[in-house]
Amino acid sequence: MYFSCMRFPSSILVLLMSFIQLYCFAQKGWDKETLEKANTAKDIGYLTEEEKQVIFYTNLLRLDPLLFRNTFVKHYIDSTGSKSKYAKSLLKTLETQPSLPVLKPSERLYKIAKEHAITFGKQGKTGHGNLKKRFQSYLNDCKCAIAENCYYGNVSALDMVIGLLIDENVSNLGHRKNLLNAAFTNTGVCISPHKTYKRSCVADYSSAVKD
């Protein structure tokens with residue numbers, strides 16, 4: 001018995017993977033229209049594919065919180081065996097969470113997130129530093145709400161989003177609240193190497209378009 005491999009032209013391979021992905025999402029109950037609506041970062045050249053996925057899964061969460069709960073979150077909790085109060089509270093929260101506007105990529109927010117991810121990654125630090133100072137030029141241009149989530153660890157984009165949603169041991173659930181904040185309409189995401197945790201993901205949010 002032997003196995004052979006066929007090499008597809010890159011364009012055909014991408015198309016094939018797209019069909020496979022659509023099929024997998026359809027099996028979970030996600031319709032094509034919702035998937036397309038969530039994919040606001042698909043044509044953004046300065047983002048990596050994984051950074052686009054963070055925005056994509058965040059938008060799926062915001063568009064249909066209950067379906068996201070019953071598919072991705074439920075599978076994650078079941079597969080990890082988590083029985084924490086944070087995981088249980090997330091399941092309860094998403095049962096009644098209304099649909100929210102999608103987040104659109106902002107290059108200015110991306111640059112702010114990137115600078116922070118690289119700086120703290122090289123230093124092996126965690127946290128937000130002086131958040132107001134870092135956003136000062138942005139805030140000078142508009143009166144808007146801002147927020148930031150940081151995730152540390154070498155996991156997939158989906159695991160990053162769910163990890164921030166569960167918000168284990170974060171008593172005020174700040175990361176979860178940012179992801180489910182109806183006021184936010186824009187985001188910038190950067191995933192970068194981290195000296196201590198291998199990788200970090202910095203996601204910045206704002207309530208006003210500034211590019």
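Here, the structure is the one placed above.
My aim in this report is to walk through the structure given alongside it, one point at a time. (Residues numbered from 1 in each chain as written. Predicted model: local features only at pLDDT ≥ 70, side-chain atom pairs only at ≥ 80, totals over all residues. Heavy atoms only, no water.)

Looking at the overall build of the chain
The condition that has to hold: What counts as a helix is a DSSP run of H or I of at least four residues, what counts as a strand is a run of E of at least two, and both are numbered from the N terminus. Any pair of residues with heavy atoms lying within 4.5 Å of one another is described as a contacting pair. Residue-level accessible areas treat just the shown protein chains as cover; the underlying method is Shrake-Rupley with a 1.4 Å probe.
A count of helices and strands for the chain gives 10 helices and 4 strands. Counting from the amino terminus, the chain carries its helices and strands in the arrangement α-α-α-α-α-β-α-α-α-β-α-α-β-β. In the chain, once contacts between residues fewer than 6 apart in sequence are set aside, the share between residues at least 24 apart is 70%. With the model as given, the accessible surface of the chain reaches about 12,000 Å², and the carbon-plus-sulfur share is 55%.

Some thoughts on unusual backbone geometry
Here is the rule: Whether a residue is buried, partly exposed or exposed follows from its accessible area with a 1.4 Å probe, protein chains only, as a fraction of its type maximum: under 20%, in between, or over 50%, in that order.
A positive phi angle is found at Asp167, which is not glycine, with a value near 60°. Within the secondary structure, Asp167 sits in the loop between helix H9 (157–166) and helix H10 (174–179). Classification of Asp167 by relative accessible area gives buried; the value is 2%.

Structural notes on the sheet that holds strand E2 (residues 146–152)
For clarity, the threshold we go by: Note on pairing: two strands pair once DSSP finds at least 2 bridges between them. What counts as an axis is a line fitted to C-alpha atoms, over the stretch in contact for a helix, and the angles between N-to-C directions run from 0 to 180 degrees.
As summarised here, the arrangement of the 4 strands in space is E1-E3-E4-E2, forming an open sheet in which the pairing is mixed. Of all the strands in the sheet, just strand E1 (104–105) and E2 have a single pairing partner and so form its edges. Two strands pair when backbone bridges link them, and E2 and strand E4 (residues 198–206) are joined in this way by 7 bridges, in the antiparallel orientation. Note on E4: the bridge partner recorded for Cys150 is Val202. Of the strands in this sheet, E2, strand E3 (186–194) and E4 are in contact with H9, which crosses E2 at around 115°.

Section: the packing of aromatic side chains
What counts here: Any pair of Phe, Tyr and Trp rings, taking the six-membered ring for Trp, is counted once the centres come within 6.5 Å. Such a pair is stacked with planes under 30 degrees apart, edge-to-face with planes over 60 apart, and tilted for the rest.
One pass over the full model with this rule turns up 8 aromatic pairs. Taking the centre distance of 4.8 Å and the plane angle of 40° together, the rings of Tyr46 and Tyr110 count as tilted. Remark: Tyr110 occurs in helix H6 (residues 107–123) and Tyr46 occurs in the loop between helix H2 (32–38) and helix H3 (49–63); sequence separation between them is 64 residues. Judged by its relative accessible area of 24%, Tyr46 falls in the partly exposed class. Look at Tyr110 and you get buried, because its relative accessible area is 10%.

Brief notes about the pairing of E3
In terms of residue burial, E3 counts as a mostly covered element, since 8 of its 9 residues are buried. As paired strands, E1 and E3 are joined by 2 bridges and run parallel to one another. Residue Pro105 lies in a different strand from E3, and its bridge partner there is Thr187. Of the pairings in the sheet, the one linking E3 to E4 comprises 9 bridges and is antiparallel in character. Residue pairing across strands places Pro193 opposite Arg199, the latter belonging to E4. The antiparallel pairing of E3 with E4 creates a hairpin that spans 3 residues between the two strands.

Quick word on the environment of His175
Selection rule: N or O atoms closer than or at 3.5 Å make up a polar contact, with two conditions inside protein: a donor-capable atom paired with an acceptor-capable one, and, for residues adjacent in sequence, both atoms drawn from side chains.
Take His175: it is sitting in helix H10. Separated by 12 residues in sequence, His175 and Gly163 place their C-alpha atoms 9.3 Å apart. Discounting chain neighbours no more than four positions away, the residues touching His175 are Asn149, Cys150, Leu164, Asp167 and Val170. At 2.5 Å, the side chain of His175 and the side chain of Asp167 are in polar contact.

A few points about the state of the cysteines
So the rule is basically this: Disulfides are defined as pairs of cysteine sulfur atoms found within 2.5 Å of each other.
Using the criterion set out here, one finds 0 disulfides in the structure. Free of any disulfide, Cys190 has its nearest cysteine sulfur in Cys201, 8.0 Å distant. The exposure class assigned to Cys190 is buried, which follows from its relative accessible area of 4%.

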